[in-house]
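Chain residues, written in single-letter form:
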Amino acid sequence: QQKVQQSPESLTVSEGAMASLNCTFSDGTSNNFRWYRQHSAKGLEVLVSIFSDGEKEEGRFTAHLNRANLHVSLHIREPQPSDSAVYLCAVKGATGGNNKLTFGQGTVLSVIP
Amino acid sequence: ETAVFQTPNYHVTQVGNEVSFNCKQTLGHDTMYWYKQDSKKLLKIMFSYNNKQLIVNETVPRRFSPQSSDKAHLNLRIKSVEPEDSAVYLCASSYWVFNQDTQYFGPGTRLLVL
């Protein structure tokens, strides 16, 4: 069964400094990766979806995928206090019981002015 | 802009009661989902519906039952709630493009069982 782990559990950065979040997964056949953001008491907002190795940029958010290393990361350029939220990594396997979206436990990001 | 709508936002109830949560999507998607998010923010899928057919049931307790009248609606009923059912329940819908799907989430319904 797919296991998705995020690190760090929490991260505090200063406004304008790069924020980097990590996510590892266990199923090497996974082919669908995305990062969501969840502000307190709100739903999930999809930030970046990536389906092949390499880099995918959406505005200030860039995802890097390396399936050989079972790793996908999210980099936030010039973070702002409004980016303070929980960031969730989600991975979908290609086959069998992993053919569903499995979420990591989240990284709590705090951006201080 | 919200396109997946959930009601109610919050619900407080007592052990043993029955509750129902509603979800509606206006995106024209074929597949809808219910997720449970626990106090540690971990999301786990409960059900998914594709054209009114249940295609995933993640061994949730039998007191949970999804109900769909059409592909735009997927409600969740919980008979006889228990304290461990306290959580946020998130509804989502998805579409497929080039064999990949993207899920859009509603704001969630927060349930507290006393």
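If you're wondering where the values come from, they're calculated on a predicted model, not measured in any experiment.

A look at the pattern of salt bridges
Residues and elements named next belong to chain A. Considering all chains together, one arrives at eleven salt bridges over all chains under this definition. The closest approach of N and O atoms between Glu-57 and Arg-77, which form a salt bridge, is 4.0 Å. Of this pair, Glu-57 sits in strand β6 (residues 54–58) while Arg-77 sits in the loop between β8 (71–76) and β9 (85–92), and the two are 20 residues apart along the sequence. Salt bridges sharing common partners tie together Arg-37, Glu-45, Arg-60 and Asp-83.

A few points about the confidence of the model for chain A
For chain A, per-residue confidence averages 91 on the pLDDT scale, and 95% of positions sit at 70 or higher. Mean pLDDT values over the elements of chain A span from 88, in strand β10 (residues 101–103) of chain A, up to 98, in β8(A).

Some remarks on the interface of chain A and chain B
Taken together, the contact pairs 20 residues of chain A with 20 residues of chain B. For the pairing of chain A and chain B, the buried interface totals around 1,600 Å² over both sides, and the portion due to carbon and sulfur atoms is 53%. Between the two partners, chain A and chain B, sit zero salt bridges. Our count for the contact surface shared by chain A and chain B stands at two residue pairs in polar contact (both at pLDDT 80 or more). Those elements that provide at least two residues to the side of chain A that touches chain B are β4 (32–38), β5 (44–50), β9 and β10 of chain A. Ranked by residue count, the leading element in the side of chain A that touches chain B is β4(A), at four residues. Across the side of chain A that touches chain B, the residue classes tally to nine nonpolar, seven polar and four charged.

With respect to the state of the cysteines
Residues and elements named next belong to chain B. Tallying each qualifying case throughout the model produces two disulfides over all chains. The partner cysteine of Cys-23 in its disulfide is Cys-91, sulfur to sulfur 1.8 Å. Taking the torsion about the sulfur-sulfur bond, which here is approximately -80°, the covalent link between Cys-23 and Cys-91 counts as left-handed. With Cys-23 in strand β3 (residues 19–25) and Cys-91 in strand β9 (residues 87–97), this pair connects stretches of sequence that are 68 residues apart.

Points about the sheet that holds strand β1 (residues 4–7) of chain A
All names here are of chain A. Read from one edge of the open sheet, five strands run β1-β3-β8-β7-β6, paired in antiparallel fashion. Here the strands that pair on one side only, and so sit at the sheet edges, are β1 and β6. With direction set aside, neighbouring strand axes in the sheet form an average angle of 20°.

The rules behind the values
Residues numbered from 1 in each chain as written. Chains lettered and ligands numbered in written order. Predicted model: local features only at pLDDT ≥ 70, side-chain atom pairs only at ≥ 80, totals over all residues. Heavy atoms only, no water. Salt bridge = Lys/Arg side-chain N within 4 Å of Asp/Glu carboxyl O. Helix = DSSP H or I, 4+ residues; strand = E, 2+ residues; numbered from the N terminus. pLDDT = per-residue confidence, 0-100. Contact = heavy atoms within 4.5 Å. Buried area = accessible area lost by both parts, 1.4 Å probe. Polar contact = N/O pair within 3.5 Å; in protein donor to acceptor, adjacent residues only side chain to side chain. Nonpolar A, V, L, I, M, F, W, Y, C, P; charged D, E, K, R; others polar. Disulfide = S-S within 2.5 Å. Pairing = 2+ DSSP bridges. Axes fitted to C-alpha atoms, helices over the stretch in contact; angles between N-to-C directions.

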